[in-house]
Amino acid sequence: MVRTRVSRRGFLEGALGAVGALVVSDGVGSAAEAAFGRSTRAPWNRLAAGLDGRLVRPGQARYAEAALLYNSRFAGLRPAAIAFCRGSDDVARCLEFTHAHDVPFALRSGGHSYGGYSSSPGLIVDVSALDTVEVDPRRRTAKVGAGAQLIDLYDAVARHGLVVPGGTCPTVGIAGLAMGGGVGVLARRYGLTCDHVVGARAVTATGDQIGIGPDSHADLWWALRGGGGGNFAAVTSFRLSLEAAPPLALFSLQYPWSRAAAVLEGWQHWSATEPDETWSSCQLFSQGTAGLLVQVNGVYCGLPDELERRLARLAGLVGAAGSTFVGGDDYLEAMKVEAGCASLTVAACHTAGQWPGGTLGHTAYAAKSSYVGAPESRERTSQWVAAVERLAREAPSLGGGLAFDGYGGAVNRVASDATAFVHRDKVAGVQATYSWGSGSSPDEVAAGARWLRWLGADVIDPAEGAYVNYIDPTLTDWARAYYGSNRARLSRVKAAYDPADRFRFAQSVPLPARGSSV
Ligand SMILES: Cc1cc2nc3c(=O)[nH]c(=O)nc-3n(C[C@H](O)[C@H](O)[C@H](O)COP(=O)(O)OP(=O)(O)OC[C@H]3O[C@@H](n4cnc5c(N)ncnc54)[C@H](O)[C@@H]3O)c2cc1C
């Protein structure tokens, strides 16, 4: 099967591909070292001695790689140490250490936080070694270590003829994805990843190791399904419910740019009224020097000839596509196509330097998100198209644009207060991104930043909300945007499990305001 499509992961990488030029250093002499390191080596040494896993400090071998997040715009961050935990006791020891020594910390799973919130000037508590996936095919569940990467989860469940709705990027960690929601190609058919979290285990702020589910800490279970990572407790494993693998058919339709507004307008109506089996994304994309692209990509849970009928309906609304690609595929292969690593082995679908045999790179990017509440008019879709043209004009060599991911189906059948994920009435999620490479001019990168700011102020409607998994440090009213009517309840869960606000970062769920009755 020919695989000519810009994958969803490729969308973030823009026209530039993964960025090779990371600014890495061994961290010696860093601010973090000065603040939490040099004068206090003995406690760090004691922590290292007490862990089953490895503690990596500035100046030690592989510190630079250990400190890296996926987004290479954060390559300059210099944590005082990274603890590669090997079990929940290690996680508990790390939390106790940070408390005893008043050291800031961040939890890290796959390291894909858009805001860099899985790094810290103090200790990174890394759970990536907690990556086992134990499938129970009879019960159709899997116990998944909080550090498992998506490609390994897909691989493990596919071996049993099972699937779980996930996300695009093969190296995203299950912890961040599931706790923020988890929107992927199976979402309209089976719901979000968080809708499949039937239980979890976690270490709390007080060091207790607890089981979480409908019958135990049910309020925390509610909050962990959409309330976002890093807020309430350190999760060490999840129990996920799985589905029998359906046949899958993939498609990618590309259109001339002159029809972009009509395609986006028609696609919204089509996507919203398709059966649950059809999932798709409409992308308006400036590919740097390769020009502008509008495409509709998707995955259908069914056979290719049924998909052809679905696409004929789309063609009736938006006209014929310039190029079409349709083909059946199995689940793992389909996930690899979406991940942009179709021709690679599972091992190769990991990050180079961080996984044996991994070949994938890092990307520097910035993003914003919003939602489409109801299909928008041609006037509005023309505004979106003009926004991408503006990016192409002002930052002509950068990649970026807008991706509209279909919601509806099983996502929207869950009540907005049944889990902490509130956005259950949307037609589509919107993600705006631009990305750059080591060769990009600083002026163009600055132009990209101006574009995103302008988009956030003048084009995106803040009342429609934002997706916490595309966490956006520039958003002002972020708690309302991410959590809407669920935010007071999230604050109450925060107060119950982390009253001292130890799990804290710039956009962590706030404690209830003093004097408030929530
Ligand atoms: C290339 C790319 C493609 C993506 N595609 C999709 C997609 O298709 N669908 C989608 O829904 N999202 C997608 N995302 C967004 C992704 O879901 C979020 O960035 C997610 O939060 C990343 O999880 P992580 O574990 O990799 O990141 P991390 O940075 O490790 O963690 C994210 C947050 O969770 C916290 N956290 C980490 N581990 C734990 C733990 N054990 N316990 C408690 N808190 C913890 C961190 O402190 C941080 O605040 C994509 C991101 C990228 C970069």
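The shown structure was predicted, so the numbers you read here are calculated from the model rather than taken from an experiment.

### As for helix α12 (residues 331-339)
- Among the 9 residues of α12, 7 are classified as buried, and the element is accordingly described as predominantly covered.
- Those residues of α12 that sit buried are Tyr331, Ala334, Met335, Lys336, Val337, Glu338 and Ala339.
- Backbone geometry just downstream of α12 places Gly340 in the positive-phi region, at approximately 80 degrees.

### Details of the packing of helix α6 (residues 150-158) against α12
- Between α6 and α12, the least distance of the axes is 9 Å, while the angle of their chain directions is 165 degrees. Regarding the angle of α6 to α12, the classification is roughly antiparallel. As α6 runs across α12, the sense of the crossing is right-handed. Contacts from Ile151, Tyr154, Asp155 and Ala158 in α6 reach Tyr331, Leu332, Met335 and Ala339 in α12.

### What to know about the packing of helix α13 (residues 378-394) against helix α14 (residues 442-459)
- Running from amino to carboxyl end, α13 crosses α14 at an angle of 160 degrees, the nearest separation of the two axes being 9 Å. Accordingly, the angle class assigned to the pair α13 and α14 is roughly antiparallel. When you trace α13 past α14, the crossing you get is right-handed. Contacts from Gln383, Ala387, Arg390, Leu391 and Glu394 in α13 reach Ala447, Trp451, Leu455 and Val459 in α14.
- In terms of residue class, the contact of α13 with α14 is built from 6 nonpolar, 1 polar and 2 charged.

### Re the domain arrangement of the chain
- The domains assigned to the chain are domain 1 (8-15 + 247-478), domain 2 (25-126) and domain 3 (133-244).
- Between the C-alpha centres of domain 2 and domain 3 the distance comes to 25 Å.
- In this complex, domain 2 contributes 14 residues to the contact, which on the side of domain 3 involves 18 residues.
- Listed by contribution, the elements that provide at least two residues to the side of domain 2 that touches domain 3 are α5 (88-100) and β3 (105-108).
- Tallying contributions element by element places α5 first for the side of domain 2 that touches domain 3, with 5 residues.
- In the side of domain 2 that touches domain 3, the residues fall into 8 nonpolar, 5 polar and 1 charged.

### Some remarks on the sheet that holds strand β2 (residues 81-84)
- The strand order across the open sheet built from 4 strands is β1-β2-β4-β3, with neighbouring strands paired in mixed fashion. The open sheet has two edge strands with one neighbour each: β1 (54-56) and β3. Pairs of neighbouring strands in the sheet enclose a mean axial angle of 20 degrees, with direction left out of account.
- Here 4 bridges tie β3 to strand β4 (residues 123-126), and the two strands are oriented parallel to one another. Bridge pairing in β4 links Leu107 to Val125.

### Topic: the sheet that holds strand β6 (residues 141-145)
- Here we have 5 strands laid out as an open sheet, ordered β5-β6-β10-β8-β9, and antiparallel in their pairing. One side of each edge strand has no neighbouring strand; the edge strands of this open sheet are β5 (133-136) and β9 (209-212). Direction aside, the axes of adjacent strands within the sheet are offset by 15 degrees on average.
- Bridge count for strand β8 (residues 197-203) against strand β10 (residues 234-241) is 6 bridges, and the pairing is antiparallel. In the strand pairing of β10, Gly199 is matched with Arg239.
- Along the sheet, α5 makes contact with β8, β9 and β10, crossing β8 at roughly 50 degrees.
- Where α6 meets the sheet, its contacts fall on β5 and β6, and the angle it forms with β5 comes to roughly 30 degrees.

### Describing the confidence of the model for the chain
- Per-residue confidence for the chain averages 92 on the pLDDT scale, and 92% of its residues sit at or above 70.
- Confidence over residues 15-29 falls short of pLDDT 50; this stretch has 47 contacts with residues more than four positions distant or in other chains.

### Notes on the site of the ligand
- What surrounds the ligand is a group of 35 residues, the closest being Gly110, Gly167, Gly173, Gly176 and Gly229.
- Where the shell around the ligand is concerned, the elements lending two or more residues are α1 (8-13), β3, α7 (174-180) and β10.
- Take the shell around the ligand: its biggest share by element is 4 residues, from α7.
- In the shell around the ligand, the residues fall into 15 nonpolar, 17 polar and 3 charged.

Thresholds, definitions, all that
- Residues numbered from 1 in each chain as written.
- Predicted model: local features only at pLDDT ≥ 70, side-chain atom pairs only at ≥ 80, totals over all residues.
- Buried ≥ 20, exposed ≤ 12 C-beta atoms within 10 Å, placed from the backbone.
- Helix = DSSP H or I, 4+ residues; strand = E, 2+ residues; numbered from the N terminus.
- Axes fitted to C-alpha atoms, helices over the stretch in contact; angles between N-to-C directions.
- Parallel < 35°, antiparallel > 145°, perpendicular 65-115°, else oblique.
- Left-handed = near helix turned anticlockwise from the far one by under 90°.
- Contact = placed C-beta atoms within 7 Å.
- Nonpolar A, V, L, I, M, F, W, Y, C, P; charged D, E, K, R; others polar.
- Domains from an automatic or database assignment.
- Pairing = 2+ DSSP bridges.
- pLDDT = per-residue confidence, 0-100.
- Near = placed C-beta within 6 Å.

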